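Structural features, examined
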Amino acid sequence: MTRSTGPRFGDLVAAEWLKLRSLRSTGWSLLIAGLAVLAVNAGTAYDTYRYWAEDGEADGARFVRDGIPLQEAFTANAVLILMLSAGAVGALSLVAEFRTGLIRTTFAAVPARRPLMAAKVTVITAVMTVFGALVAGASFWLTQAILSGRGVGVPIGHPGAWRLVIASALLAPVSALAGTALGALLRHGGTTLVATFVLLLLLPIALSDDRYWAAVLDHTMPYEAWLRLTETGAVDRGHPWTATGAWLVLALWPPAAATAAVLAVDRRDV
């Protein structure tokens, strides 16, 4: 019986990790994006700290009860930065290989494209999950430390805190894999980045919650899932949906995007 001489999946993962790490833009992009997210969230918390008395927010109990500390732990502007940067990293991790022609060398060395792409999306998922967890966790700790100066910071055990941190962290791998899938389909840097921006951020804004089918489509978007999971208090929605549905959206996007990326590369010529 003849044994396969092809590379093991672990070897492919190691090779893809080396390629991603060797891209100078990857490390700098993640560093800058992480610092930008922290700066936006910390700046919001510091504004609350600085203008506490002037804003008349003397009722700390009401401030906490209304969920404002969690709102400032990870703001919508920070989500914009996180999703765009993660989507760009995911897209460029593949598009850069098409642009430089490295993908031809890779496929010549490893003709089995599906395992190769599976290894790539595995590495991207792992890296961006760690990145998202670090940024979300650091943001929560930093903002609550600032707000604690006014006695309104909340611990991680506060109701809704873990849900906020986990949902915010998951946006990084979700957005990165969406960018990778679009990169596999479009194979052009500028076009892929624009498409990633439209898919992840413009489309949810354009969809309305007033009409049923528009709301159904809107509820499949990662950004809307994050909003649902991080909202505090009663929210008036034309078509309400459950937190379970929002978690399901964040859970299904990564495998769907990964599958699209693998199939797109497997069935098209380089």
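Residues numbered from 1 in each chain as written. Predicted model: local features only at pLDDT ≥ 70, side-chain atom pairs only at ≥ 80, totals over all residues. Heavy atoms only, no water.

**A closer look at the overall build of the chain**
How we decide: Secondary structure is summarised from DSSP: a helix means a run of H or I of at least four residues, a strand means a run of E of at least two, and numbering begins at the N terminus for each. Throughout, radius of gyration means the C-alpha value; the globule benchmark is 2.2 Å times the number of residues raised to the power 0.38. Two residues form a contact once any of their heavy atoms are found within 4.5 Å. Shrake-Rupley sampling with a 1.4 Å probe provides the accessible areas, and residues are treated as covered by the protein chains on show and by no other component.
A count of helices and strands for the chain gives 12 helices and 0 strands. Starting at the N terminus and ending at the C terminus, the chain contains elements arranged as α-α-α-α-α-α-α-α-α-α-α-α. What you see for the chain is a C-alpha radius of gyration of 21 Å, in line with the 18 Å of a compact globule of 270 residues. Along the first, second and third principal axes, the C-alpha atoms of the chain reach 75 × 40 × 40 Å. When contacts within the chain are restricted to residue pairs at least 6 apart in sequence, those whose partners lie at least 24 apart make up 78%. As displayed, the chain has an accessible area near 13,600 Å², and 64% of this comes from carbon and sulfur atoms.

**Digging into unusual backbone geometry**
If you check the backbone angles, Arg187 has positive phi at about 65° while not being a glycine. Relative to the helices and strands, Arg187 resides in the loop between α8 (161-186) and α9 (189-206).

**Topic: a nonpolar patch on the surface**
Spelled out, the test is: Patch membership needs two things, relative accessible area over 30% and no salt bridge, and members are linked within 9 Å if like-charged or within 5 Å if nonpolar (Val, Leu, Ile, Met, Phe, Trp, Tyr). One speaks of a salt bridge when a side-chain nitrogen belonging to Lys or Arg is within 4 Å of a carboxyl oxygen belonging to Asp or Glu.
Taken together, Leu80, Leu84, Val194, Phe197, Val198, Leu202 and Ile205 make up a surface patch of nonpolar side chains, about 570 Å² in accessible area. Mapped onto the nonpolar patch, the elements with two or more residues apiece are α5 (76-100) and α9. Broken down by element, the nonpolar patch gets its largest block of residues, 5 residues, from α9. Checked against the element boundaries, Leu202 lands in helix α9.

**A look at the nonpolar core**
This is how the line gets drawn: The set of buried Ala, Val, Leu, Ile, Met, Phe, Trp, Tyr and Cys residues whose side-chain atoms join them within 4.5 Å is what this entry labels a nonpolar core. Partly exposed describes any residue whose relative accessible area lies between the buried limit of under 20% and the exposed limit of over 50%, with all areas from a 1.4 Å probe on protein chains only and scaled to the type maximum.
With 64 residues, the main nonpolar core has Phe74, Met128, Phe131 and Phe140 as its most contacted residues. In terms of residue count, the dominant contributor to this core is α8 (13 residues). For Phe140, the contacting residues outside a window of four places in its chain are Leu70, Ala73, Val154, Pro155, Ile156, Ala161, Leu164 and Val165. Ranked by size, the runner-up nonpolar core spans 8 residues in total, among them Trp52, Ile68, Ile146 and Val152.

**Observations concerning α8**
Put simply, the test is: Helix span, expected: 1.5 Å multiplied by one less than the number of residues in the helix.
Its 26 residues place the ends of α8 38 Å apart at the C-alpha level, agreeing with the 38 Å of an ideal helix rising 1.5 Å per residue. Across the 26 residues that make up α8, a large majority, 20, are buried. Looking one or two places after α8, you find Arg187, whose phi comes out positive at around 65°.

**As for the environment of His219**
Of note, His219 is situated in the loop between α10 (212-218) and α11 (222-230). Each C-alpha atom of the pair His219 and Leu207 lies 9.5 Å from the other, and the pair is 12 residues apart in sequence.

**Some points on the packing of α5 against α8**
To keep it simple, the criterion reads: To get an axis, a line is fitted to the C-alpha atoms, and for a helix only the part in contact is used. The angle between two axes follows their N-to-C directions and goes from 0 to 180 degrees. Throughout, a crossing is termed right-handed when the near helix is turned clockwise from the far one, and left-handed when it is turned anticlockwise from it by less than a right angle. Classification used: nonpolar for Ala, Val, Leu, Ile, Met, Phe, Trp, Tyr, Cys and Pro, charged for Asp, Glu, Lys and Arg, polar for all others including Gly.
Contact pair α5 / α8: the axes reach a minimum separation of 7 Å and the direction vectors enclose 40°. Every pair of crossing elements has a handedness; the one defined by α5 and α8 is right-handed. Packed against α5, whose contacting residues are Val79, Leu82, Met83, Ala86, Gly87, Gly90, Ala91, Ser93, Leu94 and Val95, the element α8 presents Ser168, Leu171, Ala172, Ser175, Ala176, Gly179, Thr180, Gly183 and Ala184 at the interface. When grouped by side-chain class, the residues that make up the contact of α5 with α8 number 11 nonpolar, 8 polar and no charged.

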